[in-house]
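For reference, the chains in residue letters:
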Amino acid sequence: MLPVRLRDFIEDGDGWLYAVSTYDNSDRIGCVLRYVPEENGARVHPSGRRYTKYDFEEAYAHIAQHKPEYAGLLHRVPYEDVKRVLKPDQEIDRIAATHPRVKKLVTLFAQPKGTVGCTGSLLCELENESSDIDMVVYGKNWFDAQALVRQGIRAGTIEGLSEAMWRKVYEKRKPEIPYDSFVLHEQRKWNRGQIEGTYFDILYTRSYDEMKSAPSGRGTVLGKATIEAKVIDASLAFDNPAVYKVEHESVSRVLSFTHTYSGQALNGEKIEACGVLEEHGSEQWLVVGTTREARGEYIVSKTLLES
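To keep things clear, this report deals only with the structure shown in the data block.

Parameters at a glance
Residues numbered from 1 in each chain as written. Predicted model: local features only at pLDDT ≥ 70, side-chain atom pairs only at ≥ 80, totals over all residues. Heavy atoms only, no water. Core = buried A, V, L, I, M, F, W, Y, C linked by side-chain atoms within 4.5 Å. Buried < 20%, exposed > 50% of the residue type's maximum accessible area, 1.4 Å probe, protein only. Helix = DSSP H or I, 4+ residues; strand = E, 2+ residues; numbered from the N terminus. 1 Å grid on protein atoms, 1.4 Å probe; cavity = no way out; pocket = protein on both sides within 12 Å on 5 of 7 lines; lining within 4 Å. Points joined across faces, edges and corners; volume = space filled by probe spheres on them. Nonpolar A, V, L, I, M, F, W, Y, C, P; charged D, E, K, R; others polar. Contact = heavy atoms within 4.5 Å. Phe/Tyr/Trp six-rings, centres within 6.5 Å; stacked < 30°, edge-to-face > 60°. Lys NZ or Arg CZ within 6 Å of the ring centre and 35° of its normal. Pairing = 2+ DSSP bridges. Axes fitted to C-alpha atoms, helices over the stretch in contact; angles between N-to-C directions. Parallel < 35°, antiparallel > 145°, perpendicular 65-115°, else oblique. Left-handed = near helix turned anticlockwise from the far one by under 90°.

1. A look at the nonpolar core
Y244, V246, V254, I271, L286 and I299 are the most contacted members of the largest nonpolar core, which totals 32 residues. The element that contributes the greatest number of residues to this core is strand 12 (residues 220-236), accounting for 5 residues. In terms of nonpolar packing, the next biggest core, distinct from the first, is built from 30 residues, I133, V137, W142 and Y204 among them.

If you want it as structure tokens, here you go:
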């Protein structure tokens with residue numbers, strides 16, 4: 001049986017659906033509640049069962065009230081409570097067969113079978129007319145897909161985001177940086193676009209053989225800090241958490257657990273980052289996104305802003 005992996009979904013015995021949000025799933029599965037069967041739910045499964053989609057705040061409140069044994073920074077569901085696991089890469093053929101825009105993206109990326117998937121509402125068969133497309137590309141193949149998105153937007157075969165869509169993304173993320181700075185960073189990431197008017201993004205997930213080296217667990221909290229540092233390795237900058245190895249007098253890594261600051265800086269760039277300093281063995285890491293809202297925490301490329 002394949003391990004449960006970031007961006008999979010799980011279903012518990014009550015039919016609740018959770019988005020897997022970490023690679024660290026050895027004892028319990030770290031996830032966030034997304035869909036709950038309810039008689040008057042707005043989302044309708046092909047089986048006829050109705051579901052309500054829960055935003056993050058609603059999900060945490062619902063878990064605290066009804067399943068407090070799962071509560072924590074992430075919801076932690078024990079394996080014995082899992083009814084099934086939905087894997088984006090295993091379900092992609094089914095999704096593409098009934099969603100022409102997903103099929104176009106799969107064709108565009110042209111990656112080997114098993115390296116592309118689709119998560120979110122489409123994976124759960126609970127999409128509606130306003131649903132985005134959350135594509136997943138695994139391991140090094142993600143960078144091939146990123147290059148194809150960049151090529152497609154420049155060639156006009158993929159639509160870039162409109163000003164209205166950038167505003168929508170900014171309001172949804174509510175980052176701690178100004179709008180112009182947010183867009184400046186985002187436009188060079190080439191990890192999102194529109195296909196026939198539908199918004200999509202490409203989400204990085206490690207291949208199975210890369211999962212063992214993913215950061216896990218919290219360190220000893222040393223306090224809040226703001227640092228400037230030079231990025232010396234941004235190869236995992238689009239992962240979750242995003243990892244930036246840095247050159248700094250005391251901090252060796254900057255990690256972001258919020259998607260807003262993934263891909264935020266390139267190798268060789270100087271960054272400013274504000275977050276919580278943690279001790280991990282002999283190293284100190286600066287962690288951004290220590291709460292769901294990541295209030296007061298950010299990463300910016302000073303090299304980009306000053307250029």
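2. Observations regarding the layout of surface pockets
The method is simple in principle: a probe with the dimensions of a water molecule rolls over the atoms, and the space it marks as empty is what remains. Estimated volume of the second largest pocket: approximately 160 Å³. In terms of lining residues, the second largest pocket is bounded by 13 residues, among which H99, R101, L122, S131 and T198 are the most central. It is helix 3 (residues 100-109) that provides the largest number of residues to the lining of the second largest pocket, a total of 3 residues. Among the residues making up the lining of the second largest pocket, the classes are represented as 4 nonpolar, 5 polar and 4 charged.

3. As for the side chain of Q146
Mapping Q146 onto the fold places it in helix 5 (residues 141-155). The residues contacting Q146, other than those within four sequence positions of it, are K189, W190, I202 and F238.

4. Concerning the packing of aromatic side chains
For the structure on display, the rule yields 7 aromatic pairs. Ring geometry for W142 and F238: centres 4.4 Å apart, planes at 35 degrees, overall tilted. With W142 in helix 5 and F238 in the loop between strand 12 and strand 13 (242-247), the pair connects residues that are 96 residues apart, well separated along the chain. In terms of burial, W142 and F238 fall into one category: buried. Three or more aromatic residues joined by ring pairs form one cluster here, namely W142, F143, Y204 and F238. The aromatic ring of F56 is capped on one face by R34, whose charged end is 5.0 Å from the ring centroid. Above the plane of the ring of W16 lies K67, whose end atom (NZ or CZ) is 4.0 Å from the centre.

5. Describing the pairing of strand 5 (residues 50-53)
By the bridge criterion, 3 bridges tie strand 3 (residues 28-37) to strand 5 in an arrangement that is antiparallel. Counterpart to V36 in the pairing with strand 5 is T52. Pairing between strand 4 (residues 43-44) and strand 5: 2 bridges, direction antiparallel. Directly across from V44, in strand 5, lies its bridge partner R50. Between strand 4 and strand 5, which follow one another and run antiparallel, lie 5 residues, and G48 among them has a positive phi close to 100 degrees.

6. Some thoughts on the packing of helix 2 (residues 88-98) against helix 3
Contact pair helix 2 / helix 3: the axes reach a minimum separation of 5 Å and the direction vectors enclose 125 degrees. Here helix 2 lies oblique to helix 3, going by the angle between them. Judged by the twist between their axes, the crossing of helix 2 over helix 3 is left-handed. Contacts between helix 2 and helix 3 involve I92, I95, A96 and T98 from the former and P100, V102, K103 and V106 from the latter.

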